[in-house]
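# Close look at the chain arrangement
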Amino acid sequence: MRRFTLILFAVMLTAVAAHAQKTRIYGVVKDASSAEPLISANVVYAEGKGVVTDLDGRYFFDVENGDYTIQVTYIGYESKSQTVKANGGQLELNFGLSTITLNEVKVVADIALDRETPVAFSNIEPAKIKQELSSQEIPMLLNSTPGVYATQQGGGAGDARVTIRGFSQRNISVQIDGVPMNDMENGWVYWSNWFGLDGVTQRIQVQRGLGASKLSIPAVGGSMNIITSGITSKRSTEINLTVGNNGLIRTNISYNSGRLPKGWGVTAAFAYDRQNGWVDATWASRFFYFVKLQKQIGNHTLSVSGMGAPQERGQRSWMQPIFMYDRDYAASLGVDLDHTSVTSNPLYGNYGTRYNQQWGNIIRNRYDSNAMMEQQNVAVNFYHKPIFNFKHFWAKDKWAVSNIIYGSFGKGGGTQLRGNTAAFDAYGQYDLTALYSENITGTQFVPPFDTSAVNDTSQYKSRNFILANMNNHYWYGLLSTVNHKFNSAWDLAVGVDFRSFWVERYSTPYDLLGGDYAVINPTTMQGDLFDPSDNVKREGDVAGYRANTNVYTAGVFAQLEYSKDKISGFISLSGANNSYKRSDQYRKRDLVLSDTTYLQALGINDTIVHNGQSYTHQSSEARIATTDWIHFQGGTAKMGVNYNFNSHMNVFVNGGVFFRPPTISDVYAGTSFNIVEGVTTELAWGVELGYSVKYPRWAANLNLYRTTWENRPVKTTVPIGGTPTTINIPNLGSVHQGVEVDAVYKTPWFFDIEGLISYGDWRWKGKALAYYYQDGNDVPIDSVDVDADGVHVGDAAQFQVAGSIKIKPVKDVYIKGQITYFDNYFSNFNPLDLQGGNRGRDSWKVPSYYLLDIHAGWTIKLKKMDVILRASVLNVLNKTYISDADNNSVSGTQSFDATAAQVFMGQGRRWTATVGIKF
């Protein structure tokens, strides 16, 4: 027995030694632009020896230890080779091949290529999206990207935001298949409008800094392009069911036909999401649809697509003082609980980190004495923004032409409570039952100018009601690009970028809380001052104001690219004209009349005398006021060069200057017709240096950047004398500079390691005049000098460290732990604070924090389908932290500390579990 044991042990040692002398080389071959797997690509590792990729573009082979040159070829693509050293274990080697002819993704979507495009970029692949998205929005995935800070703000579904290198998403160009998605009025991005897009996402590429976008007016902070699957993708169907805490249930169905006979292709995705929300009363009910129909006719590809996400969801839109969430946590941060701002607050606080003030319990018992108590959120968002586009792409030999016509038709709005907004219960929530009772039991108010229906004694006036602010828009655009490849080195793209945007805004009673009508007070709600009877409003009536906005953009662009041997680069030029106009049906007024004037019944063209002045009542048609068109021009000039030292190392540099037209939200003060004093085309410039090293087992990137924005507009709204007042600073500067390092190491064993460090130094610069505007005044009512020189730019963490370990113990099983740390996060500043002794004073610094997430999954490969099991736990340690903060936003404070700050608390531990099938 002992001899047998020794023999067996010797055999095992021999087997282990023999195995140690071999290396398994494996990987995937993809299209470098689209990231689609290339099926049946040839992978040769020795003369006469090689394999072909499978249906997923994957390959593997075993070789004796030593040096090898791996060459990959595929019809229609440039071949690529890589020299590697096999020294035992496993070695992952992935290839991205570039097409010999021009392809649609490269022409339209501005995708940067590794070791070729001289910009800093990161790719988010479908596997990462599916494995790590969990219950989050897409921006939250980017926190593992250098220089990015993303939060879920108030915590409502779809309310995420993202910053890149200190620039908010207003200054980041977000595109889907090359079509711009930023709001044309203010640049904001509403992620909830395509919450289920992950089901058909082929790749997300984030370009930091100047980027290589060919739009006529690209963004200063960077770009994010979401590429969807299409006719070049592999045929597949996937169905997933996800459940999680807080009542989350989500169903995703996606289908891609690939290329069908006769050149047809269909891509479709549908998703339904229902949840209660981690934050109190942030429930959501959302549906998503996406359909793309494609047809290839010779060298032409025609595509028609449409998507949208009709939804209704509760929000938490108001920040709160820290003690309202947790008094002990507030005290640990230095909050003075004896400060008058705390002791004079009628609410004690300590309501928990899920606290949301914008809801309450209500019993609707006017018509049903047995009515049950129900939960009512007074901040509800309801919206549907269908997006359609028609695309034509033609490519032959050295030419390619792309034309995209797109349109969007959004309709919906958001609600807020008006009336007695100080009625709270013992738990810090609105006492909506009391407000409801007040509406149906109080003294009936019947103005003498009411119609007979309102004079009915059974009609009750709602003193408290929920008002909806509607935003209906129509958005059209044309993006046309012509690309010519002169030879193997030179490539020129020229194009036009036209956009038209029209939006209608008005208010309407959304829920009268038991009453029959409301009298909208124009001194507080912008009602019509010359027709008092118009101020009697029922649910669905237009109230308050009706303002329309027109935005037109017309631009051209050209980009020349060079790539040969070790050198590649680009030169890009663009120019655009932005035109703005506003109109308002209720803008024709000269005086805020007192409440007593309401009692005067006026006919058309009747004249009244108020404070010694005569005013003539006008018809609705005559009350429409319109501004003249106002025009701003802009343009860009940027260039970059990349140099490959060898097959492993490269360096790049880029730089550029932006002449950026201000958005219409920066041109006009609030919703008024007042043009901000000193508003002009904005100037920004930047430069960046990057170095990359890439080996089969490890890779690293180093980026240094500096961006200067010479006249960056700043806007805020504060109450002065009880009147909302818009503060505009048209020409404050800022400097954003920093260093970013990210790396990955693929061990020869069963786990991979990734990490990043990002350090930013982002500061405001200069002194500027802040102008005060109030509705009804065509000129500033006042101005003050503010000094922000040297003040840190807030609203994003300037120091970021992240690391992850992904363990793959057996094939098709993974478990990943990821930790992210944020520091040097200054609260968002109020420029009016920077006067007198506070000139140049930094905002309150938010405490640093870290989050640990864990993701795991197992794909069970059956004969005809894959069964997918996934699970995620976010914020595993249930850390308490502040994700968003405003400085000195507590009324009556200006101490630049935790006592004066209002914040959103970050979300605690959440989990999701997914089961799916793919075939």
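Since we're looking at a predicted model, the values are computed, not measured. (Residues numbered from 1 in each chain as written. Predicted model: local features only at pLDDT ≥ 70, side-chain atom pairs only at ≥ 80, totals over all residues. Heavy atoms only, no water.)

## Points about the overall build of the protein
Let me state the cut-off plainly: Per the convention used, a helix needs a DSSP run of H or I reaching at least four residues, while a strand needs a run of E reaching at least two, with both numbered from the N terminus. Relative accessibility decides the category of a residue: with a 1.4 Å probe and only protein chains considered, values under 20% of the type maximum give buried, values over 50% give exposed, and everything between is partly exposed. We call two residues in contact when some of their heavy atoms are within 4.5 Å. A 1.4 Å probe and the Shrake-Rupley method give the accessible areas. Residues count as covered only by the protein chains that appear here.
When you go through the protein residue by residue, the secondary structure sums to ten helices and 53 strands. Here the protein holds 919 residues, and 55% of them are scored as buried. Restricting the contact set of the protein to residue pairs at least 6 apart, pairs at least 24 apart contribute 69%. Total accessible area computed for the protein in this model is approximately 38200 Å², and 56% of it derives from carbon and sulfur atoms.

## Focus: the nonpolar core
The test is simple: Grouping buried Ala, Val, Leu, Ile, Met, Phe, Trp, Tyr and Cys residues that are joined through side-chain atoms within 4.5 Å yields what is termed a nonpolar core.
In this structure, Trp194, Leu197, Met224 and Phe288 are the most contacted members of the largest nonpolar core, which totals 55 residues. Not counting residues within four places of it along the chain, the set of residues in contact with Met224 comprises Ile138, Leu142, Ile172, Ser173, Val174, Gln175, Trp191, Ile204, Gln205 and Val206. Core analysis: the next-biggest nonpolar cluster, separate from the first, contains 48 residues, Phe323, Tyr325, Val718 and Phe829 among them.

## Side note on unusual backbone geometry
Negative phi characterises most residues that are not glycine, and trans characterises most peptide bonds. Of note, the phi angle at Lys262 is positive, near 65 degrees, even though the residue is not glycine. By the element assignment, Lys262 lies in the loop between strand E18 (248–256) and strand E19 (264–275). The phi dihedral of Asn350 falls on the positive side, at around 65 degrees, and the residue is not glycine. Here Asn350 is to be found in the loop between helix H6 (340–343) and strand E24 (359–363). On the basis of relative accessibility, which here comes to 43%, the residue Asn350 falls in the partly exposed class.

## A closer look at the sheet that holds strand E52 (residues 902–905)
Cut-off, in case you're wondering: Any two strands are treated as partners once DSSP identifies two or more bridges connecting them.
The antiparallel open sheet is built from three strands, whose spatial order is E23-E52-E51. With partners counted over all chains shown, the strands left at the sheet margins are strand E23 (320–321) and strand E51 (882–886), one partner each. As judged from the four bridges shared by E51 and E52, these two strands associate in the antiparallel manner. Bridge pairing in E52 links Ala885 to Val903.

## Describing the sheet that holds strand E5 (residues 66–73)
Under the convention used in this document: Orientation is described by axes fitted as lines to C-alpha atoms, over the contacting stretch for helices, and by angles from 0 to 180 degrees between their N-to-C directions.
Pairing within the open sheet is antiparallel, and its four strands lie in the order E3-E2-E5-E6. Each edge of the open sheet is held by one strand with a lone partner, namely strand E3 (49–52) and strand E6 (80–86). Here the average twist between neighbouring strands, direction ignored, is 25 degrees. Summarising the sheet, E5 and E6 pair through seven bridges and their orientation is antiparallel. Residue pairing for E6: Gln71 is matched across the bridge by Ser81.

## Quick notes on the environment of Asn483
Locating Asn483 in the fold gives a position in strand E29 (residues 465–485). Each C-alpha atom of the pair Asn483 and Ala395 lies 9.0 Å from the other, and the pair is 88 residues apart in sequence.

## Description of the pairing of strand E28 (residues 399–418)
Two strands pair when backbone bridges link them, and strand E26 (residues 380–384) and E28 are joined in this way by four bridges, in the antiparallel orientation. By the bridge assignment, His384 is partnered in E28 with Lys411. Pairing of strand E27 (residues 387–396) with E28 involves ten bridges; the strand directions are antiparallel. Note that in E28 the partner of Ala395 across the bridge is Ala400. Here E27 hands over to E28 after two residues, with Asp397 in that stretch at a positive phi of 55 degrees.

## Here we look at the packing of aromatic side chains
Note the threshold: Side-chain rings of Phe, Tyr and Trp, where Trp is taken by its six-membered ring, are said to pair if the distance between their centres is within 6.5 Å; with planes under 30 degrees apart they count as stacked, over 60 as edge-to-face, and otherwise as tilted. Look at NZ for Lys and CZ for Arg. If either is within 6 Å of the ring centre and within 35 degrees of the ring normal, a charge sits over the ring.
Counted according to the given criterion, the structure contains 29 aromatic pairs. One aromatic cluster in this structure is built from Tyr149, Phe822, Tyr825, Tyr849 and Tyr881. Positioned over the ring face of Tyr348 is Arg327, at 4.0 Å from the centre of the ring.

## A closer look at the pairing of strand E38 (residues 630–644)
Sheet analysis places strand E34 (residues 567–584) next to E38, joined by 14 bridges and oriented antiparallel. Within E38, the residue paired with Ile567 across the bridge is Tyr643. Where E38 meets strand E39 (residues 649–660), ten bridges bridge the pair, whose relative direction is antiparallel. Looking at E39, one finds that Asn644 is bridged to Asn650. In this structure, the hairpin formed by E38 and E39 is closed by a connection of four residues.

## Overview of helix H7 (residues 432–441)
An α-helical turn contains 3.6 residues, so any two residues separated by three or four positions project in the same direction. Heads up, the condition is: Directions drawn from the helix axis to the C-beta atoms are what define this arc.
Residues of H7 that are buried: Leu432, Leu435, Tyr436, Asn439 and Ile440. One face of H7 carries all of its buried residues, which in axial projection span an arc of 125 degrees. Check the buried side of H7 and you find it contacts E24, strand E25 (373–377) and E28.

## Focus: the side chain of Asp177
Quick reminder of the rule: What qualifies as a polar contact is a pair of N or O atoms within 3.5 Å, subject to a donor-acceptor requirement within protein and to the restriction that residues adjacent in sequence count only when both atoms come from side chains.
Tracing the backbone shows Asp177 in the loop between strand E13 (172–176) and strand E14 (179–180). Here Thr228 takes part through its side chain, which lies 2.6 Å from a polar atom of the side chain of Asp177.

## A look at the environment of His736
Mapped onto the fold, His736 is located in strand E42 (residues 723–746). Look at His736 and you get buried, because its relative accessible area is 0%. The contacts of His736, once residues within four sequence positions are left out, are Arg165, Gly166, Phe167, Tyr705, Arg706, Thr707, Arg712, Asp761, Trp762 and Val793.

## Some words on the side chain of Ser579
Position of Ser579 among the secondary structure elements: in strand E34. At 2.7 Å, the side chain of Ser579 and the side chain of His631 are in polar contact.

## Section: the pattern of salt bridges
Basically, it comes down to this: Salt bridge criterion: a side-chain nitrogen from Lys or Arg within 4 Å of a carboxyl oxygen from Asp or Glu.
Summed over the entire model, instances satisfying the criterion amount to 31 salt bridges. For Asp795, the salt bridge identified is with Arg161, shortest N-O distance 3.3 Å. A residue pair is termed long-range when its members are at least 10 positions apart, and Asp795 in the loop between strand E45 (782–787) and strand E46 (797–807) and Arg161 in strand E11 (residues 161–164) qualify at 634 residues. For the salt bridge of Asp866 with Lys861, the shortest nitrogen-to-oxygen distance reads 3.5 Å.

## With respect to the confidence of the model for the protein
Let me state the cut-off plainly: Confidence scores labelled pLDDT are given residue by residue by the predictor and lie between 0 and 100.
Averaged over all residues, the pLDDT of the protein equals 86, while 87% of them reach at least 70. Residue range residues 445–455 is modelled with pLDDT below 50. Its contacts to residues more than four positions away, or to other chains, number 25 contacts. Here residues 522–533 is modelled with pLDDT under 50, and outside its nearest four sequence neighbours on either side it reaches 44 contacts, counting other chains as well.

## What about the environment of Lys85?
Along the chain, Lys85 falls in strand E6. Sequence-distant contacts of Lys85, that is, excluding residues within four places in its chain, are made with Gly66, Asp67 and Leu91.

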